[in-house]
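Letter by letter, the chains look like this.
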Amino acid sequence: MEAITKEDKKVITGAEATILSLLAEGTDMVFGYPGGAIMPIYDALYGYQKELRHILTRHEQGAIHAAQGFARISGRPGVVFATSGPGATNLITGLADAKIDSTPLVCITGQVASSLLGTDAFQETDIISLSMQATKWNIQITKAEDIPQAIAKAFYIATSGRPGPVLIDITKDAQFASLNYEYRKCTGFRSYNPKPAIDTEKVKAAAELINKAKKPYVLFGQGVILAHAEKELANFVEKTGIPAAWTLLGLSALPTDHPLNVGMLGMHGNYGPNKLTNECDVLIAVGMRFDDRVTGDLNRYAKQAKVIHLEIDPAEIDKNVQTNVAILGDAKASLKLLIEHCHANEHTEWLEEFEKLSAIEYDKVIASELNPSKLGLTMGEVIRRANEHTNGDAVVVTDVGQHQMVACRYAKFNKSKSNITSGGLGTMGFCLPAALGAKLAAPEREVIAVIGDGGFQMTIQELGTIFQTRAAVKIIILNNEFLGMVRQWQQLFFDKRYSSTELVNPDFVAIAKGFGIEASSVSERDGLDNAMKQMFDHDGPYLLEVMVEKEDNVFPMVPSGASVEDIRLE
Amino acid sequence: MKQIFTIVIFTENKIGLVNRITSLFTQRHINIESITASESEYSGIHRFTIVIEESHDLTVKVVKQIEKQVEVLKAFCFTDQETVYSEIALYKIQLTPDTDKEALMEMVRKNDAFVKELVGDFIIIEKTGKKQETHALFEALSPFGIQGFVRSGRVSLSKTYSTFSKHLQDLEAHSKDTIIIS
Ligand SMILES: Cc1ncc(C[n+]2csc(CCOP(=O)(O)OP(=O)(O)O)c2C)c(N)n1
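The rules we used
- Residues numbered from 1 in each chain as written.
- Chains lettered and ligands numbered in written order.
- Predicted model: local features only at pLDDT ≥ 70, side-chain atom pairs only at ≥ 80, totals over all residues.
- Heavy atoms only, no water.
- Helix = DSSP H or I, 4+ residues; strand = E, 2+ residues; numbered from the N terminus.
- Rg over C-alpha atoms; globule rule 2.2 N^0.38 Å.
- Buried < 20%, exposed > 50% of the residue type's maximum accessible area, 1.4 Å probe, protein only.
- Contact = heavy atoms within 4.5 Å.
- Areas by Shrake-Rupley, 256 points an atom, 1.4 Å probe, with all protein chains shown as cover.
- Lys, Arg positive; Asp, Glu negative; His and termini not counted.
- Charge placed at Lys NZ, Arg CZ, Asp CG, Glu CD.
- Domains from an automatic or database assignment.
- Buried area = accessible area lost by both parts, 1.4 Å probe.
- Salt bridge = Lys/Arg side-chain N within 4 Å of Asp/Glu carboxyl O.
- Nonpolar A, V, L, I, M, F, W, Y, C, P; charged D, E, K, R; others polar.
- pLDDT = per-residue confidence, 0-100.
- Pairing = 2+ DSSP bridges.
- Near = heavy atom within 4 Å.
- Polar contact = N/O pair within 3.5 Å; in protein donor to acceptor, adjacent residues only side chain to side chain.
- Arc of directions from axis to C-beta.
- Core = buried A, V, L, I, M, F, W, Y, C linked by side-chain atoms within 4.5 Å.

1. What about the overall build of chain A?
If you tally the helices and strands in chain A, you get 23 helices and 20 strands. Computed over C-alpha atoms, the radius of gyration of chain A comes to 24 Å, within 12% of the 25 Å expected from 2.2 N^0.38 for 570 residues, which places it in the range of a compact globule. Structurally, chain A occupies a C-alpha span of about 70 × 60 × 40 Å along its principal axes. Taking all 570 residues of chain A together, the buried fraction comes to 62%. Residue pairs in contact within chain A that sit at least 24 positions apart in sequence constitute 77% of those at least 6 positions apart.

2. Concerning the overall build of chain B
For chain B, the count of helices and strands is 5 helices and 9 strands. N-terminal to C-terminal, the α/β element order of chain B is β-α-β-β-α-β-β-α-β-β-α-β-β-α. A globule of 182 residues ought to have a C-alpha radius of gyration of about 16 Å, yet chain B, at 20 Å, is considerably larger. Projected onto its principal axes, the C-alpha positions of chain B cover 70 × 35 × 30 Å. Counting every position in chain B, which comprises 182 residues, the buried fraction comes to 43%. Pairs at least 24 apart in sequence give 74% of the contacts found in chain B among residues at least 6 apart. Here chain B has roughly 10000 Å² of accessible surface; of this, 52% comes from carbon and sulfur atoms. Between the averaged position of the 22 positive side-chain charges in chain B and that of its 25 negative side-chain charges there is a distance of 6 Å.

3. Thoughts on the domain arrangement of chain A
Residue and element names in this part refer to chain A. Its domain assignment divides chain A into domain 1 (6-181), domain 2 (200-354) and domain 3 (375-547). With 24 residues of domain 1 at the interface, the matching set in domain 3 holds 27 residues. Contact with domain 3 buries area across many residues of domain 1, yet Arg58, Arg72 and Ile73 alone supply 34% of it, more than any other trio. Here domain 1 is connected to domain 3 by 0 salt bridges. Looking at the side of domain 1 that touches domain 3, the elements that each hand over two or more residues are strand S2 (29-32), strand S3 (53-56), helix H3 (60-74) and helix H5 (92-100). Looking at the side of domain 1 that touches domain 3 element by element, the count peaks at 10 residues for H3. Grouping the constituent residues of the side of domain 1 that touches domain 3 by class yields 9 nonpolar, 10 polar and 5 charged.

4. Digging into the confidence of the model for chain B
In the predicted model, chain B carries a mean pLDDT of 93, and the fraction of residues at 70 or more is 96%. For this predicted complex, the interface score ipTM comes out at 0.90, while the overall pTM is 0.96.

5. A word on the sheet that holds strand S15 (residues 395-398) of chain A
All names here are of chain A. If you trace the 6 strands from one edge of the open sheet to the other, you get S16-S15-S17-S18-S20-S19, paired in parallel fashion. The open sheet has two edge strands, strand S16 (419-420) and strand S19 (518-522), and neither has a second partner. Where strand S18 (residues 474-479) meets strand S20 (residues 542-547), 6 bridges bridge the pair, whose relative direction is parallel. Counted as the bridge partner of isoleucine 476 is leucine 544 from S20.

6. Observations concerning the site of the ligand
All names here are of chain A. Around the ligand sit 18 residues, and of these Gln402, His403, Gly426, Gly455 and Gly484 come closest. Backbone polar atom of phenylalanine 482 to an oxygen atom of the ligand: 3.0 Å apart, as the coordinates give it. Contact with the protein chains removes 77% of the 590 Å² of surface that the ligand exposes when unbound. Going through the elements one at a time, helix H17 (402-410), helix H19 (453-456) and helix H21 (484-493) are the ones with two or more residues in the shell around the ligand. Here the shell around the ligand is composed, by residue class, of 8 nonpolar, 9 polar and 1 charged.

7. A look at the confidence of the model for chain A
Averaged over every residue, the pLDDT of chain A is 97; the share at 70 or more is 98%. Least confident of the elements in chain A is strand S1 (residues 10-13) of chain A, whose mean pLDDT is 94; most confident is strand S4 (residues 78-82) of chain A, at 99.

8. Notes on helix H5 (residues 164-174) of chain B
In an α-helix, one turn spans 3.6 residues; hence positions three or four apart end up facing the same way. Residues and elements named next belong to chain B. Residues of H5 that are buried include every one of Phe164, Leu168 and Leu171, and no others. Angular distribution of buried residues about the axis of H5 spans 60 degrees; they occupy a single face of the element. Opposite the buried face of H5, at more than 90 degrees from it, the exposed residues are Gln169 and Ala173. Looking at the buried residues of H5, the elements they touch are strand S1 (2-12), strand S3 (45-55) and strand S4 (72-79).

9. Comments concerning the pattern of salt bridges
Residues and elements named next belong to chain B. One pass over the structure, following the stated rule, counts 38 salt bridges over all chains. For arginine 109, the salt bridge goes to glutamate 106, with nearest N and O atoms at 3.2 Å. Note that arginine 109 and glutamate 106 are positioned in helix H3 (residues 101-110) at a spacing of 3 residues, about one turn of the helix. A residue is classified by how much of its surface remains accessible, and glutamate 106, at 38% relative accessible area, is partly exposed. Taking the shortest distance from any N to any O, the salt bridge between lysine 116 and glutamate 126 comes out at 3.2 Å. Here the residue lysine 116 occupies a position in strand S6 (residues 114-119), and glutamate 126 occupies one in strand S7 (residues 122-129), the gap between them amounting to 10 residues.

10. Quick notes on unusual backbone geometry
Residue and element names in this part refer to chain A. The peptide bond linking phenylalanine 555 to proline 556 adopts the cis configuration, its omega dihedral lying at 0 degrees. Looking at the secondary structure, you find proline 556 in the segment after S20. Of note in this structure, glutamate 481 is not a glycine but carries a positive phi near 55 degrees. Checked against the element boundaries, glutamate 481 lands in the loop between S18 and H21. Although it is not a glycine, lysine 496 sits at a positive phi angle of roughly 60 degrees. Tracing the backbone shows lysine 496 in the loop between H21 and helix H22 (508-514).

11. Observations regarding the interface of chain B and chain A
Taken together, the contacts link 28 residues of chain B with 31 residues of chain A. Counting each side, the surface lost to burial between chain B and chain A is near 2700 Å², with a carbon and sulfur contribution of 49%. If you list the elements that add at least two residues to the side of chain B that touches chain A, you get helix H1 (17-27), helix H2 (56-68), S4 and H5 of chain B. Of the residues contributing to the side of chain B that touches chain A, the split by class is 9 nonpolar, 9 polar and 10 charged.

12. A closer look at the environment of Thr256(A)
All names here are of chain A. With respect to the element layout, threonine 256 can be found in the loop between strand S10 (244-246) and strand S11 (261-264). Residues threonine 256 and glycine 392, 136 residues apart in the sequence, show an inter-C-alpha distance of 8.7 Å. With residues up to four places along the chain from it excluded, the contact list for threonine 256 reads Leu251, Asn261, Ala411, Lys412 and Phe413. Of the polar contacts made by the side chain of threonine 256, one reaches the backbone nitrogen of phenylalanine 413; its length is 2.8 Å.

13. Looking at the nonpolar core
Residues and elements named next belong to chain A. In terms of nonpolar packing, the biggest core is built from 98 residues, with Tyr217, Val218, Phe220, Phe236, Leu283, Ile284 and Val546 touching the most fellow members. When sequence neighbours within four positions are dropped, the list of residues in contact with valine 218 reads Leu233, Phe236, Val237, Ile242, Pro243, Ala244, Ala245, Ile284 and Val286. With 51 residues, the next largest nonpolar core counts Met29, Ile128, Met132 and Phe430 among its residues.

14. Some thoughts on the side chain of Asp169(A)
By secondary structure assignment, the location of Asp169(A) is in strand S7 (residues 165-171). Buried charge Asp169(A) goes without a salt bridge, the closest partner of opposite sign being Lys14(B) at 11 Å. Within the structure, the side chain of Asp169(A) is placed 2.9 Å from the side chain of Gln111(A), a separation counted as a polar contact. Those residues in contact with Asp169(A) that lie beyond four places of it in its chain are Thr109(A), Gly110(A), Gln111(A), Ile127(A), Ile128(A), Ile139(A), Gln140(A) and Ile141(A).

Put into structure tokens, the structure is as follows:
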């Protein structure tokens, strides 16, 4: 873009400088919603519609979740615009979600004029204070000349180290005022060191433990995906012969049918991966943070094992699990070094232990979930059917609840950056807008949104955005007429007292059609395959409602507060 | 086991950073006993001194989370044995015809305090020292009728060689391009 080269200096408004700075960072799409305090920026955007596509969502929460979907699939930061006051506060859930799931976002909010700050002016909220907990960094700009630098710094912070959301609040007068525009990318500043140098002594110490281990075990998380270290992870486990299990956000970093991929960790993860955590002798955690949903009771978590932690965020090291060797640094670089120092090896007998437990889980849980003999449809068989249509090449976006656990357990993935879900925050309503953002970021890929009937209604308005953009998202509603996951807990731990979890739902097909989106509903096994085919064959967005068993439970399960070894199969 | 820790934090001068730091304590229900902010020996760099009573393990975790904040340059934590520290306390006492001034002055001297100012009927006494010492004087002055009492946050310096300047050099070396927006 020759208009925005380094030498180029011109007098423009803060609003236009905002747009040019975004373009200089390679932004070509922004999700947002206009309003009074951000109108100058929207006005400037009008002149750059070709370079910068704006997606008008139907709610700011939709905009930020869409930007998250965009970021997760493309690896580029998602950009969001919102106005002051309610526009800005509507971003909070998405910011918190992106913070805990390390998603790079640059959010730009309009603010009342600087002369009005602190006066409780119309649509004034102190979004800097409100968003402090939920951002990696934020800043309020009151002078036009500070805009390019703030945006440069924002992109640098959002995308480097452990990525995360940043927010820039720009007062309206700063948007109107003029500046001498010049853009310089940020390449670093002294109080922030996102790329710690890797200590090779630590790498050697880790390799020594790994080389001597009889039952080594790899746990990988999203850090692998964020560091673009998928190939290194595969090389590492293949060379050393170590079985590897994934966290919810690590899913798809290693193909699901890779022979060393033993499955999912955590509360509804696989039987072997949870149980054998307490039998391995060396635990190698790569780009994951030992979330409580993964570890269960920490006092009874991998106590027998020597723990190696490859992690970019120093605050995560020894936070939940005490390490023997911590390698601070980028997962890609750390794995590369580790591969060099580790011997080629095989762990056939150890792998067999996983296989044995996997066979037990198959008999007790998986077989009847994927190929049920009972009348009602199960969530698992819907995912199995979807796998058959996509062969594991699709992007699967999920919401939060039973369907999320089932989809992540059973969806097949061949490629990284294909699983998008709200992990750390567990935000219902995440899926529909995130799927929209994912589809817009990667129009060539099949994008499936798997949503519960509860979560669908939390951001249902984004059907309007899907209609307007014609983004061909395939929406599968797994309708059990319950807030299923909460109902499951009520059944298991609260004596079946189904307090406020039953849903009387509207006609989802009619709603979709009202939004101009093709839709159908299926409640019998016979019709499922055909309905699925119709959905995938349809050129454009499509909503398929599948009526599933109302009171099915997701198993296995590590009850909250229990140890991973107490995982229940029924 | 809980004990007193002094956390020393070097930061850029950024509005709102104090909120980011204190909310890390709030989240974990750690009570801040005292907090002071001032300039440091390095121009443009601020220094926070925060005193808490916590276990070593939790303190170390919070210090790491503080250091993770983008504009924080470095955070350290020290036990009382590792630092030289003190606080300032001011005491306001009303002088009446009944006041035994001699006894009062004797008390001030004995406690290494001094009279800061005489304002009309009031006498303001200042004492620098550790909390136990300023508290002891408070007890001692109580019979004279304390009208006002205030104690500052802790100021402290570590007894060991400061590694911060070396750290700052490293930080500056790794960042070619320093951008500071205030
Ligand atoms: C915004 C938000 N509110 C509440 C919850 C608590 N919650 C977790 S799962 C769940 C039930 C989800 O129901 P549904 O969307 O129908 O999916 P299902 O579990 O039935 O598959 C609820 C209410 C949440 N995760 N997010």
